[in-house]
Amino acid sequence: MKPSNILKSLTSVAIVVALLTGPAAAQVESTIDQETTFVFNTFMFLVMGFLVMWMAAGFAMLESGMVRSKNVATICTKNIALYSIAGLMYWLIGYNLMYDGVNGGFFGSLTWFTYPAAEALKTAKDYGAYAAASDWFFQMVFCATAASIVSGTLAERIKLWPFLAFVALLTGIIYPITGAWKWGAGWLETQGFLDFAGSTLVHSVGGWAALTGAIILGPRLGKYTKGMTNPLPGSSLPLATLGTFILWLGWFGFNGGSQLAIASFENASAVARIFANTNTAAAAGVVTAMAVTQLVYKKVDLTMALNGALAGLVSITAEPLTPSFGMAAIIGGVGGAIVVFAVPLLDKFKIDDVVGAIPVHLAAGIWGTLAVPLTNPDGSFLTQLTGIVAIGSFVVITSTIIWMVLKTTVGIRISPEDEEKGLDQAELGLEAYPEFGAGSQRL
Amino acid sequence: MKPSNILKSLTSVAIVVALLTGPAAAQVESTIDQETTFVFNTFMFLVMGFLVMWMAAGFAMLESGMVRSKNVATICTKNIALYSIAGLMYWLIGYNLMYDGVNGGFFGSLTWFTYPAAEALKTAKDYGAYAAASDWFFQMVFCATAASIVSGTLAERIKLWPFLAFVALLTGIIYPITGAWKWGAGWLETQGFLDFAGSTLVHSVGGWAALTGAIILGPRLGKYTKGMTNPLPGSSLPLATLGTFILWLGWFGFNGGSQLAIASFENASAVARIFANTNTAAAAGVVTAMAVTQLVYKKVDLTMALNGALAGLVSITAEPLTPSFGMAAIIGGVGGAIVVFAVPLLDKFKIDDVVGAIPVHLAAGIWGTLAVPLTNPDGSFLTQLTGIVAIGSFVVITSTIIWMVLKTTVGIRISPEDEEKGLDQAELGLEAYPEFGAGSQRL
Amino acid sequence: MKPSNILKSLTSVAIVVALLTGPAAAQVESTIDQETTFVFNTFMFLVMGFLVMWMAAGFAMLESGMVRSKNVATICTKNIALYSIAGLMYWLIGYNLMYDGVNGGFFGSLTWFTYPAAEALKTAKDYGAYAAASDWFFQMVFCATAASIVSGTLAERIKLWPFLAFVALLTGIIYPITGAWKWGAGWLETQGFLDFAGSTLVHSVGGWAALTGAIILGPRLGKYTKGMTNPLPGSSLPLATLGTFILWLGWFGFNGGSQLAIASFENASAVARIFANTNTAAAAGVVTAMAVTQLVYKKVDLTMALNGALAGLVSITAEPLTPSFGMAAIIGGVGGAIVVFAVPLLDKFKIDDVVGAIPVHLAAGIWGTLAVPLTNPDGSFLTQLTGIVAIGSFVVITSTIIWMVLKTTVGIRISPEDEEKGLDQAELGLEAYPEFGAGSQRL
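Residues numbered from 1 in each chain as written. Chains lettered and ligands numbered in written order. Predicted model: local features only at pLDDT ≥ 70, side-chain atom pairs only at ≥ 80, totals over all residues. Heavy atoms only, no water.

Q: Before we move on, could you go through the overall build of chain A and cite the residues and values that matter?
A: Per the secondary structure count, chain A includes 19 helices and 2 strands. The buried share of chain A, taken over its 443 residues, is 71%. Within chain A, contacts between residues at least 6 apart in sequence are counted, and of these 78% link residues at least 24 apart. Accessible surface, chain A as shown: approximately 12500 Å² in total, 68% of it carbon and sulfur. (Helix = DSSP H or I, 4+ residues; strand = E, 2+ residues; numbered from the N terminus. Buried < 20%, exposed > 50% of the residue type's maximum accessible area, 1.4 Å probe, protein only. Contact = heavy atoms within 4.5 Å. Areas by Shrake-Rupley, 256 points an atom, 1.4 Å probe, with all protein chains shown as cover.)

Structure follows, in structure tokens:
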């Protein structure tokens, strides 16, 4: 369990307040008794958690809309499978590796998560500030989000099972270890690194893994020919739009739930403020991305507007509480602008990112993490940079090892013939739209 | 902040009850302390608010399904942009114009909304009955809904940026001013006008703005030829169905959250009753619209069933609390029937409403507002009519001015060539479905 | 009202605990006062209830994706209509037939549900443990779920209005009667039959009704020719995937809300544990279904992965609280495997189930009900079997009578010409995708 959880939540229990002396603890006094607090926080975790779970559907729709019709069924398969694998791995290995006894170190214990005995007991002192299972659920859906980021970048050319093998290691080992450094009260937490809801811990982790994979896997056939970048447009922009709206909705849970408590004047106010700031950053991301594309390219691009929303959301994720409305708009707006410039930059290096996940989750994630000290006086630019570099290095190194082992053993890329034909035919033997598009040509 | 908010919510705090003397206040006694009440109401606003936010996705899907494939990407762009602009304008101008110091008058203050200092303070008396940011969030998503209504009616022929300019003025100025008259405790509130969740304040405001725009913009090419009305069917009825289900789900937040408080026997019972009545009205709207189309046209029409659901929802919005199940079914059922007859009526006047937003939001919105006195003894038919006419006149006049200024300066309608080609090609230079439909013809 | 409701919920009120003596009651002590408990439970029912309502959209999308494009508008019409009819029938007949005065018997009273007078009164003793309307809402969406199951199986060949007539009787009479046996405190409850959230009471009831209908209606034209089973692939696998994610999300409400109370350490812990177990069973269902299809057919099948998720969810529904993570994974995993083998088994008997609802909801529902004694010591294998057989027999007999009466009077199957043309043209006179697929061929 996160120590920060315990700090924030337990302190809202009046009887515990007396035991705490620091100024942070003193801020969160509450007259609400322990059992009511427990119910509030648990209910909040479950509601915010199901919103984050729903983001898995958002990624599935975003990616379904951004790939060509011949690869849609495969990306759907990957998305439902990766969410499932994350759910199992985070129970079997991830949660305790991230939270159990990290104590300022690098990782926790290699045990699986079980419901604590306290939940079967009868006295108040056996209970914490929320149900352990609700915290597990909330943290599990975060872990799944990191994996969702990878699937979009590597779409249309990676083999199904090797991709899922990577997901198992990402969600069971890589994400929990870097998570332990901060949220598990490891060495980065000790250093004072700040990352409220995971611009770095979730989004950049997914982004670095995606970037590493994209470089090792190489671009799709026909993406870069004779020095030209060919767009290879996705099959359904309304599904991509739906996916973006789902992600935006889910993000209220992602950021709001990361307050980890709601049962006091201050915690409830904080969650509300996080909702407002999260929405403002996303809105500014959309408007900025649209304005910049209009100015630079003389046309608005829907996919840029969508990625602008997501970049705004990623940017505010490292610190959604302390900014004013105006600062939230600036932080999100800069994120929206970053995306417009990062997309062609990747193409310049021939790094093929099918949905733009690297600009959105990695570039805006770094920006958001660096922006924390702008509004939070506890933040230090140098410490933020330390965290970004440390986590980035770890993820790049471990991901590279895993991708290379998979590449040299089972192989990670489908054959050029299968890529031409589409993964749906090659890997699943079916069609996403058998009567339309690629499917109808075979009728 | 709404005075009705304060009345309903603060009265649920036991310590405040003693200060109040009216019979309405006496009804809402509660033994729940102020801090617990604050947490309940804030949490309720956030949950109901995210449901209403989700309605933005519902409008996007409904409209994506109801326009032809050559205009789908543009309608997606408009929907994510209008929600973003509403979020920024309502912070910069709208909220305080609607709620800050209206005092029985016509509008509030021209200042932007900031988080009140009270939220950083430590004593209970600095807090109200809910977090200010949660109320801002809940009211902002209502404002966005009004703008969503306009985009559907004007689809397939309006230019992107002029439409968004109208949205900025609608969400920053028009909606907040008429909102101030009732929810901001302005002159209509003083008169006793009743509109619980906004049949008039939200849905008719959007509907009047859409109607004005549709008349000034003119119908789509080929819609009305030689005295005939041509259907121009939408590209994806499953997306339109999805959009309707999203709106239905979101409406539980729209109506339920408008109780503005949940922390007492009576407030919780009221929210529950609103959920049941809202669902019943929508269900009756569907069944009535289906039955009427079967009787009149000898066939069921899916789009009429969908609009029947929405009309039932709009109809019950002005008063979802006082009706019995039976009255809720009647109010919603009449709404469903109204739509079936209003759609061909608009066509008779050659007013081209792509998704049927005027019948659904304006016609059923007027019906719902007039129906309030049927179940609420505090309602007066004459006062309801006063509100409808006053708000309608204001929105029609201000919208006409804005549309005409836009028309005579930057222009609001794309060229006939671009309309033929589709807005996606003309305005965005891309395709919503590059492999299907209009897109595939260019492959 | 469910007696189990009253037991679980009222016992969380401290003042009532003293009146109860059984060991079950003693487990759920709480220091939270009655009014706060009332607000918590009501809010919980509304949140979990809107998640289950959202499942109606999930079924609509799953079925839209699994039928051919010529039948998509009709399946959308059926889904919005069946949800509406369920909402009206469950008010007019269903709820009181299921809950009002069953007393160990076979059904309740033939009266419609009204808001109890208690909700207008002022004293705490007039209120129960939650708002009556919130319970009605929660139970109504369960009833609608049973009807949703039927529409998928019988798609692409059943007439619209006769199908809706069956839905009216299923939701108004059949489902409430079998529901009364257990949740209405009827004879099966007396016997000790266990079905926490309805593997049998909801999913098998829908499954048996679907099976009976499929046999009486016969398979689609061209499904079984010369001893071969032809796949007739669905029109949009991303919509089927979206539907599955919606159902997964909704299931947290389905199972979590069935705890019927949240306002104590133990109830909140129970709801949290149910969320974790529900997710784990679904995840295991996906992984198992994928692994089994890979082993048996040498390819992963997306529709099997989706149905694996749903089968895992159905399997854990009869008992989502008592299993450990490991047992939840096993119960869900077995469900996922059952689906892979049940689908071809149905085809062997030439029973044409368009979406696989019988394997998912009936087969996995039986498995889940039988699995209860594995983790819940109160469960008896024989009593579980009694419940399965009794409910199955009742639903099969009553459904057969209704289907046969409809068949011999108005007819239930469209003509072969109309089936060839598609129900959208034949029954609605429109196209789901007028520019793509079947629609575009008529342009």
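Q: Summarise the packing of helix α13 (residues 325-348) of chain A against helix α14 (residues 357-370) of chain A; cite the residues concerned and give the values.
A: Residue and element names in this part refer to chain A. Where α13 meets α14, the axes come as close as 9 Å, and the angle between the chain directions of the two elements is 130°. When the axes of α13 and α14 are compared, the pair comes out oblique. Two packed elements cross with a definite hand, and for α13 against α14 that hand is right-handed. Only Ile358, Pro359, Val360, Ala363, Ala364 and Trp367 of α14 make contact with α13, whose side of the interface consists of Ile331, Val334, Gly335, Ile338, Val339, Ala342, Val343 and Leu346. Of the residues belonging to the contact of α13 with α14, the class tally is 13 nonpolar, 1 polar and no charged. (Axes fitted to C-alpha atoms, helices over the stretch in contact; angles between N-to-C directions. Parallel < 35°, antiparallel > 145°, perpendicular 65-115°, else oblique. Left-handed = near helix turned anticlockwise from the far one by under 90°. Nonpolar A, V, L, I, M, F, W, Y, C, P; charged D, E, K, R; others polar.)

Q: Residue-level account of the interface of chain C and chain B, with values.
A: Every contact between the two is made by 63 residues of chain C and, on the other side, 68 residues of chain B. Counting the surface lost from both chain C and chain B, the interface buries some 5200 Å², and carbon and sulfur atoms represent 79% of this. Counting across the interface, chain C meets chain B through 0 salt bridges. Connecting chain C to chain B are 8 residue pairs in polar contact (both at pLDDT 80 or more). Elements supplying a minimum of two residues to the side of chain C that touches chain B: α4 (34-66), α5 (72-99), α6 (132-153), α7 (160-182), α10 (237-256) and α17 (423-428) of chain C. (Buried area = accessible area lost by both parts, 1.4 Å probe. Salt bridge = Lys/Arg side-chain N within 4 Å of Asp/Glu carboxyl O. Polar contact = N/O pair within 3.5 Å; in protein donor to acceptor, adjacent residues only side chain to side chain.)

Q: Please set out the interface of chain C and chain A residue by residue, giving values where relevant.
A: Put simply, an interface is often sized by how much accessible area is lost when its parts join up. At the interface, 69 residues of chain C touch 63 residues of chain A. Note on chain C versus chain A: buried area summed over both sides is about 5100 Å², and carbon and sulfur give 79% of it. When the buried area of chain C at its contact with chain A is split by residue, Phe245(C), Phe265(C) and Phe325(C) rank highest and sum to 17% of it. One can count 0 salt bridges joining chain C with chain A.

Q: Give a description of the relation of the copies chain C and chain B that names residues and reports values.
A: Placing chain C over chain B gives an RMSD of 0.0 Å and needs a rotation angle of 120°, together with 0.0 Å of translation along the axis. In short, the pair behaves as if placed about a three-fold rotation axis. In terms of proximity to the rotation axis, the leading residue of chain C is Phe436(C), whose C-alpha is 3.6 Å off the axis. An asymmetric contact is evident, with only 17% of the interface residues of chain C recurring at the interface of chain B. (Least-squares fit on C-alpha atoms with pLDDT ≥ 70 in both.)

Q: Can you break down the relation of the copies chain C and chain A residue by residue, with the values?
A: Take chain C, turn it by 120°, move it 0.0 Å along the axis, and it overlays chain A with an RMSD of 0.0 Å. By residue overlap, the copies meet through two different surfaces: only 16% of the interface positions of chain C are interface positions in chain A.

Q: Could you give me a rundown of a nonpolar patch on the surface, with the residues and numbers involved?
A: Residues and elements named next belong to chain A. On the surface, a nonpolar cluster with roughly 440 Å² of combined accessible area is contributed by Leu295, Val296, Tyr297 and Phe341. It is helix α11 (residues 265-297) that contributes the most residues to the nonpolar patch, 3 residues altogether. By secondary structure assignment, the location of Leu295 is in helix α11. In this structure Leu295 comes out as exposed when scored by relative accessible area, which is 62%. (Patch = residues over 30% accessible without salt bridge, like charges linked within 9 Å, V, L, I, M, F, W, Y side chains within 5 Å.)

Q: How would you explain helix α7 (residues 160-182) of chain A if you had to name every residue and give the values?
A: Residues and elements named next belong to chain A. Counted at 1.5 Å a residue, the expected span for α7 with its 23 residues is 33 Å, and the 32 Å between its end C-alpha atoms agrees. Taken as a whole, α7 carries its principal kink of about 45° at Leu170. Taken across its 23 residues, α7 has 19 buried, putting it largely inside the fold. (Expected span 1.5 Å × (residues − 1). Bend = angle between axes of the 7 residues up to and from the residue.)

What is shown is where atoms sit, not what they do.
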